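# A closer look at the structure
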Amino acid sequence: EAVRFAGSSEDARAAKGPVSVQLEQGWHLIFLGNTCDQGPGAIRFTKTLLQMKRSYPDRVHLLLGPRDVMKMRLTSELAADQVKSLTVPPVYWAEDAESYTEYVRKIAAASEHMPEAEVDEEAMQKHNNAAVRLQYMLEHGMGAPQDFEFRRKELAVLNGTTTDAVTDDMVADSYLEAVESNGYLRDYLSNAQVAVFLNDTLFVHGHLLVEDNRWALRSIPGQEDVADVARWVIGINSWAANEIANWECSPTWATAPTTNTREAWAARGGAALIDYACPASQVPSALCARWVDTDGTPRSCPEALVAYLKGQGVRRVVVGNVPQGNCPSLVLHGDLTVVMIDTSYSQPGSDLAFEGDHRGAAVAEVIIDGPTCTVRGVTEDQEFVEYKSGGPRGDPLVGRVLGKRFVKARCLGRKDADEVSYLLAQFLGYKVEYSHLTEDEVVQALKSKAEAEPRHQRTLLTSCGDLFGASMTGDSSATAIRHLLAALGVQPGGELSGEMLQSLAEDAVACDLIGYHFPGCGLEELWGWAAEATEPVNEESLLERCRQKAPEVPFPVAGRLTITVASGRNLRAADRAMMGFGAPVSSDPYVVLKCVSGDGKSQTHTTKVVNKNLNPDWDETFVFDVKGQRLPKLSLETFDKDMMKSDFLGRANIPFPYTAKQMRIRVPLTGELATGHIELVCQFESDDDGFVWPARDLGTASESPFEDDPPVPATAVAEVDSASPDLSTQNRRATAYFSPAGSDADEGFFVDASASKTLQGGMNPSDDSDSDEISVASM
């Protein structure tokens with residue numbers, strides 16, 4: 001919806017020049033750097049980006065990547081007077097690389113069919129040319145040994161010839177032409193930046209800190225550290241622009257290097273920027289920084305950096321540079337998110353679009369809509385991926401860590417199946433091992449880890465939303481007592497003592513729990529009763545005692561209830577194809593909301609119809625005026641719109657949002673043939689004379705999911721059975737999610753208050769494009 005080819009995508013792949021790409025009004029495109037070295041499409045891809053930059057200069061943002069900057073070396077190292085020399089030392093960031101002399105000696109020996117020891121300088125000079133020097137540079141110091149042949153293939157396409165017709169000299173000339181005064185790569189370097197800061201989102205190619213915990217953020221080579229993020233972005237971009245201007249003025253060596261020291265390689269224009277783009281940079285580099293474990297698993301940022309970014313108004317940081325497998329990774333730090341979007345190694349060794357293609361069949365997009373980040377795509381195994389993170393509709397499980405496994409995505413199943421599961425990734429460098437768990441299995445694994453760590457013992461109690469009225473079916477007060485006993489370690493049917501209840505007396509959440517469901521009843525009274533009881537105290541007798549001590553009392557409620565019908569997922573198909581024959585294939589769903597206030601007043605609102613969609617997005621907001629001596633009864637029904645009579649798709653009861661904070665609620669649909677769920681965002685604003693029992697935020701013991709023993713997520717799961725209030729593990733069919741909106745991070749690349757939409761698109765798996773990362777944002 002943001003970027004589209006003017007023609008078909010097939011025409012774009014077969015194009016012999018830059019293609020016409022349209023950027024829709026209100027959207028921004030941010031390319032995170034590295035236009036080259038990863039496939040036979042660098043020339044066309046880079047020229048297409050530049051064409052977009054000229055068409056939308058204020059809405060297309062190009063970032064520098066190390067591979068782009070390293071091409072600045074070509075003007076000095078491939079100069080005619082330098083190519084003649086065989087005594088070229090390895091670059092200082094590749095000290096273990098073989099010398100250029102040895103490299104040419106091997107080529108000469110293989111070409112002349114003689115032992116290396118017999119190859120003299122005359123034989124080596126015979127094979128010493130710009131093409132050989134370029135291949136040496138690509139292999140030793142640029143990390144791109146395959147790119148020479150990628151360029152040959154692209155030149156063959158552009159020239160309408162075979163690869164055999166493209167000589168080595170033609171390949172070398174194309175690299176040099178790219179960095180000449182009118183070259184496309186020089187044009188790209190002149191228009192690119194190190195960092196982009198849009199509203200509350202910071203974009204860089206690498207990361208903000210390096211392995212030894214030094215910050216790339218705030219650091220500018222040769223200058224004092226800059227305390228302000230915005231000033232750092234301006235400063236680092238100005239410094240890089242000056243370096244590129246120096247390179248354009250002094251593109252060749254003042255003195256060619258004779259050793260592999262930093263000082264020896266500094267006598268040319270732009271040397272400091274080249275150093276900044278290399279792995280041995282003197283200062284922490286936002287181009288090369290990586291913040292992952294040794295196996296490649298994303299790491300949470302240090303608390304000091306997180307606090308600094310939040311204090312500077314940064315809510316999300318978008319980075320590339322480190323491959324993340326078959327879809328982007330989101331690393332959560334409370335209300336700060338790091339989005340890692342490099343998917344260049346989605347399918348290593350696939351060779352799908354071309355020999356050397358590591359991206360393969362996987363493709364993903366990330367859409368930012370307000371505080372919500374939506375990831376959609378297809379994995380290399382053709383599994384459909386879709387989940388939301390952050391904001392009122394965020395998935396509470398994605399981004400969590402189970403031992404060495406990272407909960408990466410929610411999968412909707414393959415093309416030939418419909419099995420919802422969670423994709424878990426274990427990073428092994430550039431290789432990633434994947435496994436799947438059901439939703440229940442992920443939740444139980446997180447709960448087990450929480451139970452194993454004493455400091456998280458209360459997390460189960462404070463995180464389950466149905467404790468405070470979010471239960472979809474059954475008696476929520478009975479459910480609350482069941483959870484209370486479970487927190488005390490009492491098995492179903494087991495007995496408890498006054499001492500057990502007394503242990504909860506200082507637990508504010510437990511007190512709120514009893515007070516919410518049984519006004520007028522307190523834990524102090526309960527433990528005294530239990531201590532004096534002559535009969536065994538169990539779940540049934542405790543519930544009866546609570547009800548006796550909490551008679552029907554007025555519970556005045558007055559105010560405005562706001563409900564946003566956000567979306568529906570996996571709804572039942574009710575409409576048949578082929579003039580009413582065959583199996584149902586789709587529906588035209590809409591939702592009817594009903595609110596019956598305590599004073600008996602009934603109000604209804606109806607959403608729009610979304611045609612032919614089993615996963616509709618409504619995003620419609622309705623307001624109810626509520627007043628009475630009891631909580632209002634909230635419900636919804638979902639229908640398929642037909643000309644004569646709408647078909648029933650399901651119904652659900654809606655828990656009352658008991659605080660003034662927005663609450664995200666996912667309600668499973670019940671009823672004959674019903675499937676799927678509806679996602680809502682609810683908020684109640686009380687009048688002065690209205691009252692809602694002050695329940696607590698459903699937080700966790702830690703903001704970061706990257707603790708050794710992570711707690712249950714803040715938007716934890718309250719599991720309830722559709723048919724009965726029984727919460728036993730043998731009979732769980734429906735799941736309700738319930739949490740305060742904004743209790744977790746607002747994920748995404750870019751959010752703007754006026755029109756908050758963002759998209760990050762993985763490249764088409766059949767494209768010859770060799771880009772690393774692209775994101776598109778709406779202003």
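Residues numbered from 1 in each chain as written. Predicted model: local features only at pLDDT ≥ 70, side-chain atom pairs only at ≥ 80, totals over all residues. Heavy atoms only, no water.

### What to know about the overall build of the protein
Operational definition: Think of it this way: any DSSP run of H or I at least four residues long counts as a helix, any run of E at least two long counts as a strand, and we number them from the N terminus. Any residue under 20% of the maximum accessible area for its type is buried, any over 50% is exposed, and the rest in between are partly exposed; the area is computed with a 1.4 Å probe on protein chains only. Contacts are assigned to residue pairs that have any heavy atoms within 4.5 Å of one another. Computed with a 1.4 Å probe, the accessible areas rest on the Shrake-Rupley method; for each residue, only the protein chains presented here act as cover.
Each helix and strand in the protein was counted, giving 21 helices and 31 strands. In the protein, buried positions account for 56% of the 779 residues. Taking the intrachain contacts of the protein between residues at least 6 apart in sequence as the baseline, contacts between residues at least 24 apart amount to 66%. Summed over its atoms, the accessible surface of the protein is roughly 31,800 Å², and 48% of this surface lies on carbon and sulfur atoms.

### Side note on helix α8 (residues 130-139)
What counts is decided by this rule: Throughout this description, a polar contact denotes any pair of N or O atoms lying within 3.5 Å of each other; where both atoms belong to protein, one of them has to be capable of donating a hydrogen while the other can accept it, and for residues adjacent in sequence the pair is counted only when both atoms sit in side chains.
Counted residue by residue, α8 has 7 buried out of 10 residues, so it is predominantly covered. Of all the residues in α8, the buried ones are Ala131, Val132, Arg133, Leu134, Tyr136, Met137 and Leu138. Those residues of α8 that are buried are in contact with α4 (74-77), α5 (80-83), α6 (100-112), α9 (147-159) and α10 (168-178). You can read the cap of α8 off the contacts: a side-chain oxygen lies 3.1 Å from the backbone nitrogen of Ala131, and it is on Asn129. Where α8 ends, the next residue or the one after it, Gly141, has phi of about 120 degrees, a positive value.

### Let's talk about the pattern of salt bridges
The following threshold applies: What makes a salt bridge here is a side-chain nitrogen of Lys or Arg within 4 Å of a carboxyl oxygen of Asp or Glu, nothing more.
All told, the structure shown has 20 salt bridges when counted by the stated rule. The salt bridge involving Arg152 is made with Asp168; its shortest N-O contact spans 2.6 Å. A residue pair is termed long-range when its members are at least 10 positions apart, and Arg152 in helix α9 and Asp168 in helix α10 qualify at 16 residues. Among the ionic pairs, Arg299 bridges to Asp293, the shortest N-O distance being 3.5 Å. With a relative accessible area of 33%, Asp293 lands in the partly exposed category.

### A word on the packing of aromatic side chains
Going by this rule: Two aromatic rings, drawn from Phe, Tyr or Trp (for Trp, its six-membered ring), form a pair once their centres lie within 6.5 Å of each other, and the interplanar angle then sorts them: stacked below 30 degrees, edge-to-face above 60, tilted otherwise. Geometrically, a charge over a ring is one whose NZ (Lys) or CZ (Arg) sits within 6 Å of the ring centre while staying within 35 degrees of the ring normal.
Within this structure, the stated rule accounts for 12 aromatic pairs. Looking at Arg186, its charged tip hangs above the ring of Trp247, at a distance of 4.6 Å from the centre. Geometry around Trp291 places Arg299 over its ring, the cationic atom sitting 3.8 Å from the centre.

### Concerning the sheet that holds strand β24 (residues 633-640)
Going by this rule: Strand pairing is defined by DSSP finding a minimum of two bridges between the two strands. Fitted lines through C-alpha atoms serve as axes, helices being fitted only where they are in contact, and the angles separating the N-to-C directions of these axes extend from 0 to 180 degrees.
Spatially, 4 strands are ordered β22-β21-β24-β25 in an open sheet, and the strand pairing comes out antiparallel. Strands with a single pairing partner mark the edges of an open sheet, and in this sheet they are β22 (602-606) and β25 (647-654). Between one strand and the next, the sheet's axes are offset by a mean angle of 20 degrees, whatever the strand orientation. The pairing of strand β21 (residues 589-596) with β24 spans 8 bridges and is antiparallel. Bridge pairing in β24 places Val596 opposite Lys633.

### Details of the nonpolar core
Heads up, the condition is: Among buried residues, the Ala, Val, Leu, Ile, Met, Phe, Trp, Tyr and Cys ones that are joined through side-chain atoms within 4.5 Å form a nonpolar core.
Formed by 92 residues in total, the largest nonpolar core has its most connected members in Leu64, Leu74, Leu217, Trp232 and Leu309. The element contributing the most residues to this core is helix α12 (residues 229-249), with 8 residues. If we ignore the near neighbours within four places in the chain, the residues touching Trp232 are Ala195, Val204, Ala216, Leu217, Arg218, Ser219, Ile220, Val226 and Ala286. One finds Phe203, Tyr387, Val398 and Val442 within the second-largest nonpolar core, a separate group that totals 30 residues.

### Comments concerning the pairing of strand β26 (residues 663-668)
Burial within β26 is extensive, with 6 of its 6 residues counted as buried. Taking every second residue as pointing to the same face, both faces of β26 are buried, with Met663, Ile665 and Val667 on one and Arg664, Arg666 and Pro668 on the other. Bridging between β26 and strand β27 (residues 677-686) involves 6 bridges; their strand directions are antiparallel. Directly across from Ile665, in β27, lies its bridge partner Leu680.

### Here we look at the pairing of strand β18 (residues 557-569)
When you tally the buried positions in β18, you get 12 out of 13 residues, the bulk of the element. As paired strands, β18 and strand β23 (residues 617-628) are joined by 10 bridges and run antiparallel to one another. Each bridged residue has a counterpart across the sheet, and for Ile563 the counterpart in β23 is Phe622. Two elements, β18 and β27, share 10 bridges in a ladder whose sense is antiparallel. Bridge pairing in β27 links Gly568 to Ile678.

### Details of the sheet that holds strand β6 (residues 195-198)
Read from one edge to the other, the open sheet built from 5 strands follows the order β6-β7-β8-β10-β9, with strand pairing classed as mixed. A strand with exactly one partner marks an edge of an open sheet, and here the two such strands are β6 and β9 (329-333). When the angles between neighbouring strand axes are averaged without regard to direction, this sheet yields 15 degrees. Most of the contacts of helix α14 (residues 303-311) go to strand β10 (residues 336-340), to which it runs at about 105 degrees, and overall it touches β8 (316-319), β9 and β10.

### A short note on the packing of α9 against α10
What counts, and what does not: Geometric relationships in this document are graded by angle, where less than 35 degrees denotes roughly parallel, more than 145 denotes roughly antiparallel, 65 to 115 denotes roughly perpendicular, and other angles denote oblique. Residues are grouped as follows: nonpolar covers Ala, Val, Leu, Ile, Met, Phe, Trp, Tyr, Cys and Pro; charged covers Asp, Glu, Lys and Arg; every other residue, Gly included, is treated as polar.
Following both chains from N to C, one finds α9 and α10 inclined at 95 degrees, their axes separated by 10 Å at the closest point. Here α9 lies roughly perpendicular to α10, going by the angle between them. Contact residues: Asp147, Phe148, Arg151, Arg152, Leu155 and Asn159 in α9; Asp168, Met170, Val171, Ala172, Ser174 and Tyr175 in α10. Residue composition of the contact of α9 with α10, grouped by class: 6 nonpolar, 2 polar and 4 charged.

### Details of unusual backbone geometry
As a rule of thumb, non-glycine residues mostly have phi less than zero, and peptide bonds are mostly trans rather than cis. The phi torsion at Asn570 lies on the positive side, around 60 degrees, for a residue other than glycine. A positive phi is found at Lys612, a non-glycine position, where the angle reads about 50 degrees. For Lys612, the location among the structural elements is in the loop between β22 and β23. Lys612 sits in the exposed class, given a relative accessible area of 68%.

### Regarding the confidence of the model for the protein
In regions of low pLDDT, the predicted coordinates are not meant to be interpreted in detail. As a reminder of what qualifies: pLDDT expresses how confident the predictor is about each individual residue, on a scale running from 0 to 100.
Here the protein averages 78 in pLDDT, and 76% of its residues register 70 or above. Taken together, the stretch residues 453-475 has pLDDT below 50 and engages in 78 contacts with residues farther than four places along the chain or on a different chain. A low-confidence stretch, residues 689-772 stays under pLDDT 50, and its non-local contacts, those more than four residues away or across chains, total 332 contacts.

### Regarding the environment of Gln51
Tracing the chain through its elements places Gln51 in helix α2 (residues 42-55). Classification of Gln51 by relative accessible area gives partly exposed; the value is 26%. Expressed as a C-alpha distance, the spacing of Gln51 and Val21, which sit 30 residues apart in the sequence, is 8.5 Å.

### A word on a negative patch on the surface
Put simply, the rule reads: Patches here: salt-bridge-free residues with over 30% relative accessible area, like charges joined within 9 Å, nonpolar side chains (Val, Leu, Ile, Met, Phe, Trp, Tyr) joined within 5 Å. The sign given to each residue is positive for Lys and Arg and negative for Asp and Glu; His and the chain ends receive no count. One atom stands in for each charge, and that atom is NZ of Lys, CZ of Arg, CG of Asp or CD of Glu.
Taken together, the side chains of Asp169, Asp173, Glu177 and Glu180 define an acidic patch exposed on the protein surface. Mapped onto the elements of the fold, Glu177 is located in helix α10. Taking relative accessible area as the criterion, Glu177 reaches 47% and is therefore assigned partly exposed.

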